[in-house]
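Descriptive analysis of the structure
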Amino acid sequence: MSGAGAAERELVDGSGIRVAVVAGQWHDVIATGLLEGAQREIERLGATAQVIPVPGSFELPVVAKVALESGFDAAVALGVIIRGGTPHFEYVSDAATSGLTRVAIDTGKPVGFGVLTLDDEQQGIDRAGLPGSKEDKGAEAAHAAVATAVTLRGLRDGAGASAD
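Every residue gets a number counted from 1 within its own chain, in the order that chain's sequence is written. Side-chain atom pairs in this predicted model are given and counted only at pLDDT of 80 or more, local residue features only at pLDDT of at least 70, and totals for whole chains, interfaces and linings cover all residues. Excluded from the side-chain calculations are hydrogens and water; all other atoms, namely the structure's heavy atoms, are used.

1. Remarks on helix 1 (residues 28–44)
For helix 1, built from 17 residues, the straight-helix expectation of 24 Å at 1.5 Å per residue is met to within 8% by its first-to-last C-alpha distance of 24 Å. When helix 1 is considered as a whole, its buried residues turn out to be I30, A31, G33, L34, L35, G37, A38, E41 and I42. What makes two residues a contact is simply this: any of their non-hydrogen atoms within 4.5 Å. Helix and strand assignments come from DSSP, with helices taken as H or I runs of at least 4 residues and strands as E runs of at least 2, each series counted from the N terminus. In the core, the buried residues of helix 1 are packed alongside strand 1 (18–24), strand 2 (48–54), strand 3 (74–82), strand 4 (111–118), helix 4 (121–127) and helix 5 (137–156). Downstream of helix 1 by one or two residues, G46 has phi in the positive range, about 80°. The span you would expect from a helix comes to 1.5 Å times its residue count less one. We call a residue buried when its accessible area falls under 20% of the maximum for its residue type, exposed when it is over 50%, and partly exposed in between, using a 1.4 Å probe and counting protein chains only.

2. A few points about the environment of A31
If you trace the backbone, A31 turns up in helix 1. For A31, a relative accessible area of 13% corresponds to the buried category. When the C-alpha atoms of A31 and G124 are compared, they prove to be 8.9 Å apart, with 93 residues separating the residues in sequence. A31 has contacts with G24, W26 and V80, leaving out every residue within four places of it along the chain.

3. Things to note about the sheet that holds strand 1
Paired strands, as defined in this entry, are two strands with at least two bridges between them according to DSSP. Taken in spatial order, the four strands line up as 2-1-3-4 in an open sheet, and their pairing is parallel. The open sheet has two edge strands with one neighbour each: strand 2 and strand 4. This sheet shows a mean twist of 15° between the axes of neighbouring strands, independent of strand direction. By the bridge criterion, five bridges tie strand 1 to strand 3 in an arrangement that is parallel. Its bridge partner being in strand 3, A23 is matched across the sheet by L78. Axis geometry follows a simple rule: fit a line to the C-alpha atoms, using only the stretch in contact for helices, then measure angles between N-to-C directions, giving values from 0 to 180 degrees.

4. Considering the packing of aromatic side chains
Stacked, edge-to-face and tilted are the three classes for Phe, Tyr and Trp ring pairs, Trp counted by its six-membered ring, which pair at centre distances within 6.5 Å; planes under 30 degrees apart are stacked, over 60 edge-to-face, the rest tilted. Enumeration over the complete set of coordinates arrives at zero aromatic pairs. Remark: a charge is flagged as sitting over a ring if the NZ atom of Lys or the CZ atom of Arg is within 6 Å of the ring centre and within 35 degrees of the ring normal. Here the basic side chain of R18 rests over the ring of F72, its NZ or CZ set 4.3 Å away from the ring centre.

Interpretation note: all reported values are geometric properties and have no functional meaning in isolation.
Structure follows, in structure tokens:
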């Protein structure tokens, strides 16, 4: 199971953190599970969220970038890409992954990666935080984004500065 060895999602104080949840619309059941998990985790951490739907995973990077540039402190990118019989899977997976990495680096703000790249639908159901799922990748992505935004806030406020 891919979740083996995952760190516990400890409670961080996300108050004041604004999160854009950019959510792809492909594969409704899985996508809904990811979104609900992300929203639960953001609320648990005391941050606030705005859901921004996009058609699919290919559109995640550009919308996440504009959301972060418009003032959000973090983004959570949620999407579902299931392998088919053509190279389309590889192109979309690479574009989403590379694009979201670039967005985080270019903006200096965290992007929680909740894009599932799957061989079949069952793998997504197992990871979507649905009743009976083994993992909750939406919650994990949201936690990563909020926890990193809290860390960055501390660094920018001088909490991470050394006393030389």
